[in-house]
Each structure stands twice: as C-alpha cells, then as structure tokens.
Amino acid sequence: MRDKASLKNVIDVASGRVEADFCISGSLVLDVYNKEWFETDVLISQGVICGFCEKGEGTAKQIVVAKGKYLVPGFIDSHVHIESSHCSPAEFSNLVVPCGTTTVIADPHEICNVCGLAGLDYMLEDSKNTALQAFFMVPSCVPATPFEHSGAILLAPELAKGLRNERVLGLGEMMDYPGVIAASPMILDKIWEAKLAGKLIDGHSPAIEGKDLDAYSAASIHTDHECETPEELKQRVRRGMYVMLRQGSACCNVLGLLKGVTSDNSRRCLFCTDDRQPKSILKEGHINNNVRLAVEGGLDPIEALCMATINSAECYHLYDRGAIAPGLRADFLLYDDLKDFSMPQVYVGGVLVAERGKIITEQRPSDASMVSGKMQVKNFSVDRLVLPLKADWVRVIDIISGGVVTGAGEAYVTVKDGKWRHDAKQDILKLAVIERHHGTGNVAVALLRGYGLKGGAIATSVAHDSHNIIVCGDNDEDMVLAVNHLVALGGGMVLVKKGKILSDLPLPIAGLMTGLKGKAVAARLEELHSLAHEELSVNDTVDPFMTLCFMSLPVIPTYKLTDMGLFDVRKFDFVPLEL
C-alpha cells in the first residue's frame, strides 16, 4: 500500500463500505497457511487483495469469472542470476512472467564481477518498471576468490553502499566458505555490514558438513542452493537454514533432493533456478517447471506450491506477498489444472500482465552504455597458448555430465619438443582462460576431458564468476581466431571450425547480455548448440556453453582453471599441471 489513503481504501472495500475495483469470482483459492483449497470470490482494489465473499456474491466494478480455475499466489524465484539468461532484466521479465514468476531475488554477481556497483545500478534501473518484481542481493564475493582477476573488487565499504537500497534485500551468496569458516577478517567485515543493515545473507556451501557447517551457519548464513543430497538438505534445515531446490539449465537438483523434503520440513524449502537460459525457459518454463517436476516426483501439489510462494516470501521477509490474503499484493495466477502448470493468467499488482504464455505489454531495455565495452585484452597471440610440459603424466579437468562439479582427472598425454600435442585418439583438449578486464595479459592453460570437441574451438566471455574469456579447442589457431573474434564483438559466444567462424552471439552488455528479445536469443543459442554438437562433435551429454562457462569457477569442486592457473578447490590453492 502506497499511503494511508490506500490503507483506508483496502479496509473500506474489505468491510463492504466501498466497491472493489474487481472481483475474481468462483475460483478455487490456495490457502497456503492452512494448506488447503477453498472456493470463494476474491475482492481486489488498488492492486491489493481486500477480502473474500461467498461464491457468486462478490460485487465490483469489474467481475472476472474464474469458473473453477485454481487461484494461487505468484511464483517467487528465490535465487537467480538474470545475466545467465543473456537477456537484459527488462527482457527477462518478458520471458518469465508468462510462466507465472512474479517476483525474483536476483544476485547480480556476474555483472558486478565485470562492472562493480555500476552493474548493480544498471540491473536496478533496467528492472525498475517491469511487470516482474525484481529484488537484489549485493554480491558478497567480487571476485569470488583472490585466485583470479575480475573487473572489480567489492569490499565491505562498497557493499554497505549497495545495502542501503530498499530493493536490495541482503548480501549475495557467500561463496568464500573457507573464509567464513576461518573467520577471515575481510569476510567478517562484509557479514557485519549486512547485520548492521538488518539484512539477510545468502549461502553457497557445497559438500560442507559437521563443524564446518556449524561454523558457516553460525555466521548468520540464511540459505543454501548447493545441496546435492537429501542428507545435506536435512543437515542445513537442522541448522535453521532455508534450502533451495534448484532447476537451472545445467544444475538440476529438484528430483535429487525431493526425498529429503517432508511435510515437517517443507516450510524451510524453496525453489530457485540460479542459472537458466532462454531456450530452457521457453521450452520448459521457469519456477513453474520446478513445481511441475516436484509434483511429478511425488510431492503433494500444495506443498510444491507453498515452496514456490509463501516459503520464499517468508524467507526473504517479503511479507506483502506469497499468499492470497487480505492486505497482500494482488500478485496471483489462474490455472485451469494442476498438471503441467503452464500458461496461466498472470496478475501483478492486480493487473493482468500475461496470458496464454505471452506478456501483454513488453518492456523495452534501458540504455546500457554504462556497462558496455568491457573487453580489455592485451598481449594475446598464438604463443600464449603454448602448453609446456616436462612430463607426460598430468592433471586433467574431468567433466561430469549433469552439473558443474568436475573430477580430479589424471592422464598420460603426448609431449613433443617439451610441449603438449593434441592426440585425436584421446578426448583431451586444451582449455585457456584469458584475462579481459584490466589488460594484465594473463593467460592460463590446462587440459579438459569429456567435452568431445573436434576440429575447432569454442570461446565465450561468460565464464563464471570473474567472466574472463574461456576458450577450448584442439588446435591453437582456431582458439586464437575465436578469442580475437570475441574481443571484436564486445563479448559473447563464438564457434570456429578449421579457420572459419561458424556462428556467434554478440553479448555487448558487459560481455554477458544482449538487448535482443528472448526468442531471438533462444534461436541463436539453439543454432550455436546444434552446430557445436553437429559440426564440432561436442559431447551430446553436455551443454556446450553452460558447461564450458563453469570450468573457471574456483568455488565448486574439483579442478577449475582461472586466469592465474589450475586450481584445486579441495585444497583451495593452485596445483601444477604435471603430476
């Protein structure tokens, strides 16, 4: 409610003294508090739910006859990186609102790693007038670790500035879990700023258990979206944390974690997407996809819907939404059935904003010049990709299909004249990360197994979390061509085969996003994926770009590559390539 006059209007409508703006008549309403359905008319005025009437008895200036449709609160994505859609926040709204997502808690970690707080400012501005209600967490780990070069460094004083914004709900995922557990002074300074501001702290704690988990949760870490097993879920809930069941384009945990969800602990369980590309959203949906999968996996539909609504609202102290109740925002969905959870009528603030899977009024992106042109690559040439080796027994980054965790591989490789040579009989490729923010000239090279690429190279400026350039190939010439083309584009994705550019997707907004419409992005990505598999023989079990872009993330086990070298997440330190 905007002011005292709005409050009076809601009370007057609820009491019957003033006619409602409109009434949803004859729907089956989800009561998330008692976990049951009830048939009623719902009165709405000035974007707020005012009250209930017996079926058919509600009066208003406008009557919407629901005819037994299911009325549920708008879905909430409890943790998402909008940048991973490669679309601007405005276009992201156009994509996900028709799926029933009306609120997101976004972590602009990706763009802030490139542009600092200017990235947060851009995300706030571009999402200001969208149908999607976008809240943000100020990124806690920029850079994610001190073992890479990012475009910015955000310490406690910078985070304090971001936390002052009313649309910033807290501190983003605390990925430096060793720093938290060790009570690092720098990490404590960041956590303390969030506590001083009275705001929340998101977590990121893969495979942590026992006393380490106690220490992590004791730091007021509120959530975690990195659980891999039902037991990990239960251990975090036991410590008072909320656990997010994630269904992204690469990381899919909903079905794997369902066995840990019970009627007793489900109120501490939420849904999130984390990283989801347009083609996945258009084909499968957004949070409605999480709900569908959970119900298909045996979870009671009411429990699943509560996880998509009230649980997330309460977790993030968004007490004005998440339920159908008097005094709350009129963000809700009307479904014909509860099987596929697709194409609902979507209302935000009492206004119909999407139906039949389409947004009614598209939001156009705002000016992005403040976060464009972020490709400062220096001293790069084919010589920088040479991989000298003294021995033929080496460490290899092993891709594990279905996620972003990698294996700590070992292999005997071909060495000629003191340099690694590609062997077509081995599925082992050269992987390189090139620093692109400060012109340091840093280039690090390692070996990757399980990607399958043949006869070319793939490069992208989307490379979590510092978003330097990452390139993989079986020959240096194509790798160089791919990198140089990427720099000329201002960032993006590119495929090269035998000295020719096969296709590309320019991402001029911080090298991460584009102003194109979601369907155009999805079509281009579909083309890139098809070409990667068909022309470059990338393994069918991996997503060519989503998999590649996580190979530089040094906070998820096991081996990863930053612009400074091969990193062992278990040791949280660099390791030599040779064994």
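Residues numbered from 1 in each chain as written. Predicted model: local features only at pLDDT ≥ 70, side-chain atom pairs only at ≥ 80, totals over all residues. Heavy atoms only, no water.

1. Some remarks on the overall build of the protein chain
- For the protein chain, the helix and strand inventory stands at 17 helices and 30 strands.
- Over its C-alpha atoms the protein chain spans a radius of gyration of 24 Å, differing by no more than 12% from the 25 Å that the globule rule assigns to 579 residues.
- Over its C-alpha atoms, taken along the principal directions, the protein chain stretches across nearly 90 × 50 × 45 Å.
- Considering only intrachain contacts with a sequence separation of at least 6, the fraction spanning at least 24 residues in the protein chain is 68%.
- Carbon and sulfur atoms form 50% of the exposed surface of the protein chain, whose accessible area is close to 21300 Å². (Helix = DSSP H or I, 4+ residues; strand = E, 2+ residues; numbered from the N terminus. Rg over C-alpha atoms; globule rule 2.2 N^0.38 Å. Contact = heavy atoms within 4.5 Å. Areas by Shrake-Rupley, 256 points an atom, 1.4 Å probe, with all protein chains shown as cover.)

2. Digging into the sheet that holds strand 12 (residues 242-246)
- On the basis of which strands lie adjacent, the open sheet formed by three strands has the order 11-12-13 and parallel pairing. Since the sheet does not close on itself, it has two edges, and those belong to strand 11 (223-224) and strand 13 (269-272), each with one partner.
- Here strand 12 runs beside strand 13; their pairing, made up of four bridges, is parallel. Within strand 13, the position partnered with Met244 by the bridge is Leu270.
- Docked against the sheet, helix 9 (residues 230-238) engages strand 11, strand 12 and strand 13, running at close to 150° with respect to strand 12.
- Against the sheet, helix 12 (residues 287-296) engages strand 12 and strand 13, with an angle of about 125° to strand 13. (Pairing = 2+ DSSP bridges. Axes fitted to C-alpha atoms, helices over the stretch in contact; angles between N-to-C directions.)

3. Topic: the side chain of His81
- By secondary structure assignment, the location of His81 is in the loop between strand 6 (75-80) and helix 2 (89-96).
- Using a relative accessible area of 3% as the deciding quantity, one classes His81 as buried.
- If near-sequence neighbours (up to four positions away) are discounted, His81 is found in contact with Asp107, His109, Glu110, Glu173, Asp274 and Asp275. (Buried < 20%, exposed > 50% of the residue type's maximum accessible area, 1.4 Å probe, protein only.)

4. Some thoughts on the side chain of Arg395
- If you trace the backbone, Arg395 turns up in strand 18 (residues 393-399).
- Asp568 provides the closest opposite charge to the buried, salt-bridge-free Arg395, at an N-O distance of 5.6 Å. (Lys, Arg positive; Asp, Glu negative; His and termini not counted. Salt bridge = Lys/Arg side-chain N within 4 Å of Asp/Glu carboxyl O.)

5. Regarding the environment of Ser366
- With respect to the helices and strands, the residue Ser366 is situated in the loop between strand 17 (358-359) and strand 18.
- Here Ser366 falls in the partly exposed class, since its relative accessible area comes to 28%.
- Each C-alpha atom, one on Ser366 and one on Gly491, is 19 Å from the other, the two residues being 125 residues apart in sequence.
- Those residues within four positions of Ser366 in sequence are excluded, and the remaining contacts are Tyr122, Glu125 and Asp126.

6. Description of the nonpolar core
- Within the largest apolar cluster, 169 residues are counted, with the highest numbers of intra-cluster contacts made by Ile111, Leu245, Phe271, Val291, Tyr451 and Ile458.
- Look past the residues within four positions of Ile458 in its chain and what remains in contact with it is Tyr451, Leu453, Ile470, Val471, Cys472, Val494, Leu495, Ala532, Leu536, Val538, Phe545 and Leu548. (Core = buried A, V, L, I, M, F, W, Y, C linked by side-chain atoms within 4.5 Å.)

7. Quick look at empty space enclosed by the protein
- Under the counting rule described, the total for this entry stands at three cavities of 30 Å³ or more.
- Approximately 110 Å³ is the volume attributed to the largest cavity.
- Looking at the largest cavity, it is lined by 17 residues, and the ones nearest its centre are His81, Asp274, Asp275, Phe550 and Leu553.
- Partitioned by chemical class, the residues of the lining of the largest cavity number six nonpolar, four polar and seven charged. (1 Å grid on protein atoms, 1.4 Å probe; cavity = no way out; pocket = protein on both sides within 12 Å on 5 of 7 lines; lining within 4 Å. Points joined across faces, edges and corners; volume = space filled by probe spheres on them. Nonpolar A, V, L, I, M, F, W, Y, C, P; charged D, E, K, R; others polar.)

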